[in-house]
Amino acid sequence: MDRISITGGGPLLGDITIGGAKNAALAVMPACLLTDAPLTLTNVPRLADIESMTSLLGQHGAAADASFGNGSGESRRLVLHARTIASDTAPYDIVRKMRASVLVLGPLLARHGHARVSLPGGCAIGTRPVDLHLKALEALGARIELQGGYIEATAPPGGLVGAEIVFPTVTVGGTENALMAATLARGETVIENAAREPEIADLAACLTAMGARIEGIGTNTLRVTGVPALHAATHAILPDRIETGTYALAAAITRGCVRLRNTRADLLHAVIEALEETGATVTRHDDGFMVDARDRALVGVDVMTKPYPGFPTDMQAQWMALMATAEGASMITESIFENRFMHVPELARMGADINIHGGSAIVRGRSRLSGAEVMATDLRASVCLVLAGLAAEGETTINRVYHLDRGYETVEEKLAACGATIARLRD
Ligand SMILES: CC(=O)N[C@H]1[C@@H](OP(=O)(O)OP(=O)(O)OC[C@H]2O[C@@H](n3ccc(=O)[nH]c3=O)[C@H](O)[C@@H]2O)O[C@H](CO)[C@@H](O)[C@@H]1O
Ligand SMILES: C=C(OP(=O)(O)O)C(=O)O
């Protein structure tokens, strides 16, 4: 298994180009199953999760034609074409590796009338049930049974029927599944308490380009008027706000200065606001923003994770690494996932002073962390250890970096180009 070695201590200085959003691409790609015409996506990131989703969609019958040039945007093109549905089963082997696999459920059900999708099971950050996805699809008329670890979903003989769906809690994936299914359901669907994450708006924009009728995009009430069929479309995936935020914090934790390109500051209000409160300077540009923390003594700032537009849970671990090097104490409260503090004992191995009380962590900043051998447990925990390693005195070795490859493209190259001493050790 690959490892990453970092010798920390110096400031990051330079430019980093941000890729397309993993979590938007993972939602938009299954939309190809809603039509027999091709769906062309650009600004697609080259990540392990994207490969897993491509192979899952291939199993369902979607031919994939990918061209990943070295540049960004247009040169990252993926054409998915599901002329027919070859299989409606999403097997355990793929779903257990990538939870977003469950997003094929709504499209398969809407177009094909039946789907068999493995239950994802729990993961390192929480139990993560999919009950709300299933209730939403039931509201549209689907019959759902759980058999042998699989969700067996069947649409009524005339297809799904529009309905009112009220989510009791905000769910990103649940909203995405319901939205995709509703595009082909007969009549109107109203989705209340819909997630407002930018990735949902991106999916809605793609579906609209495919001929779907959706109102309320970007709000928590989505109104969908079903259409008989969707058609070919081209859609550019929005920039990855979590990759952006991660490198913004990399600049801050190393007390460096990094310009983030090919991205949008408006996707990261809560993170930028907190970052400015620490004492770092954020300057917005046409194609992104710059974070400058040179010669600053950053101070601790409390955050609580919330659905968008609140502070993202996918930035919580990285924020904790930054707070471990800030002046004074800060409280970090995780309100989305019940077990998303797996990085705490690893940060503690690097000298961080962190105490957990229920869903909150109290972090007492230290002037210096020290390099150590640590273990990545999930995607964002991995990258938080990369950030800590960049700031630490001496060498840090991170094990199990396959988690990192799910969500960060060429992380070593991007950081090395800004002066980091970082290398991948291949076993
Ligand atoms: C591929 C993708 O886009 N992943 C993101 C997505 O995950 P994902 O779509 O899985 O996250 P959800 O928004 O659905 O989960 C939010 C909370 O609702 C709970 N829940 C969810 C569905 C359900 O049927 N029942 C239920 O109880 C979850 O356990 C969790 O506690 O949003 C999360 C929250 O922003 C992010 O951390 C993930 O990076
Ligand atoms: C938790 C994440 O992804 P997933 O939902 O695919 O596990 C993430 O992107 O941080």
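Residues numbered from 1 in each chain as written. Chains lettered and ligands numbered in written order. Predicted model: local features only at pLDDT ≥ 70, side-chain atom pairs only at ≥ 80, totals over all residues. Heavy atoms only, no water.

Enquirer: Got a minute to help me understand the pairing of strand β3 (residues 39-42) in this structure?
Expert: Two faces make up the sheet, and in a regular strand the side chains alternate between them. Here β3 shows no split at all, with Leu39 and Leu41 on one side and Thr40 and Thr42 on the other all buried. Direction of pairing for β3 relative to strand β5 (residues 76-81): antiparallel, over a ladder of 3 bridges. Of the residues in β5, the one forming a bridge with leucine 39 is leucine 80. Sheet topology note: the β3/strand β14 (residues 233-236) ladder contains 4 bridges and is parallel. Looking across to β14, one finds that threonine 42 is bridged to alanine 236. (Buried < 20%, exposed > 50% of the residue type's maximum accessible area, 1.4 Å probe, protein only. Helix = DSSP H or I, 4+ residues; strand = E, 2+ residues; numbered from the N terminus. Pairing = 2+ DSSP bridges.)

Enquirer: Whenever I open this one, the environment of glycine 113 confuses me. Can you help?
Expert: For glycine 113, the location among the structural elements is in the loop between α4 (105-112) and β7 (114-118). For glycine 113 and aspartate 93, which are 20 residues apart along the polypeptide, the C-alpha to C-alpha distance reads 23 Å. In this view, glycine 113 contacts Leu108, Ala153, Thr154 and Ala155; residues no more than four positions away in its chain are not counted. (Contact = heavy atoms within 4.5 Å.)

Enquirer: I would appreciate a short explanation of the UniProt feature "domain: Enolpyruvate transferase" (unreviewed entry) in the chain in the present structure.
Expert: Taking the UniProt record as the reference, the feature "domain: Enolpyruvate transferase" (unreviewed entry) is found at residues 7-415. Helix makes up 30% of residues 7-415 and strand 25%. Its end C-alpha atoms lie 12 Å apart. (UniProt positions renumbered as here; feature names shortened; annotations may be inferred.)

Enquirer: What's the story with the sheet that holds strand β11 (residues 188-192) in this structure? I'm lost.
Expert: Taken together, 4 strands build an open sheet; the order of strands is β10-β11-β13-β12 and the sheet is mixed. The open sheet is flanked by β10 (164-166) and β12 (213-215), the only strands paired with a single partner. Averaged over all adjacent pairs, the angle separating strand axes in this sheet is 15°, with direction ignored. (Axes fitted to C-alpha atoms, helices over the stretch in contact; angles between N-to-C directions.)

Enquirer: Whenever I open this one, the side chain of threonine 325 confuses me. Can you help?
Expert: Tracing the sequence through the fold places threonine 325 in the loop between α10 (316-323) and β19 (329-333). A polar atom in the side chain of threonine 325 sits 2.9 Å from the backbone oxygen of leucine 322. Ignoring any residue separated from it by four or fewer positions in sequence, one finds threonine 325 in contact with Ile253, Arg255, Arg366, Leu369 and Ala391. (Polar contact = N/O pair within 3.5 Å; in protein donor to acceptor, adjacent residues only side chain to side chain.)

Enquirer: In this structure, what is going on with the site of ligand 2? I would like to understand it.
Expert: Looking at ligand 2, the residues that line it are Lys22, Asn23, Ile125, Arg128, Asp314, Arg340, Leu379, Arg380 and Arg406. Here an oxygen atom of ligand 2 and a side-chain polar atom of arginine 340 are 3.1 Å apart. Counting only elements with at least two residues in the shell around ligand 2, the list comes to α1 (22-28) and α12 (379-391). When residues are assigned to domains, the shell around ligand 2 turns out to be shared by domain 1 (3-19 + 239-425) and domain 2 (22-236), each giving three or more. (Near = heavy atom within 4 Å. Domains from an automatic or database assignment.)

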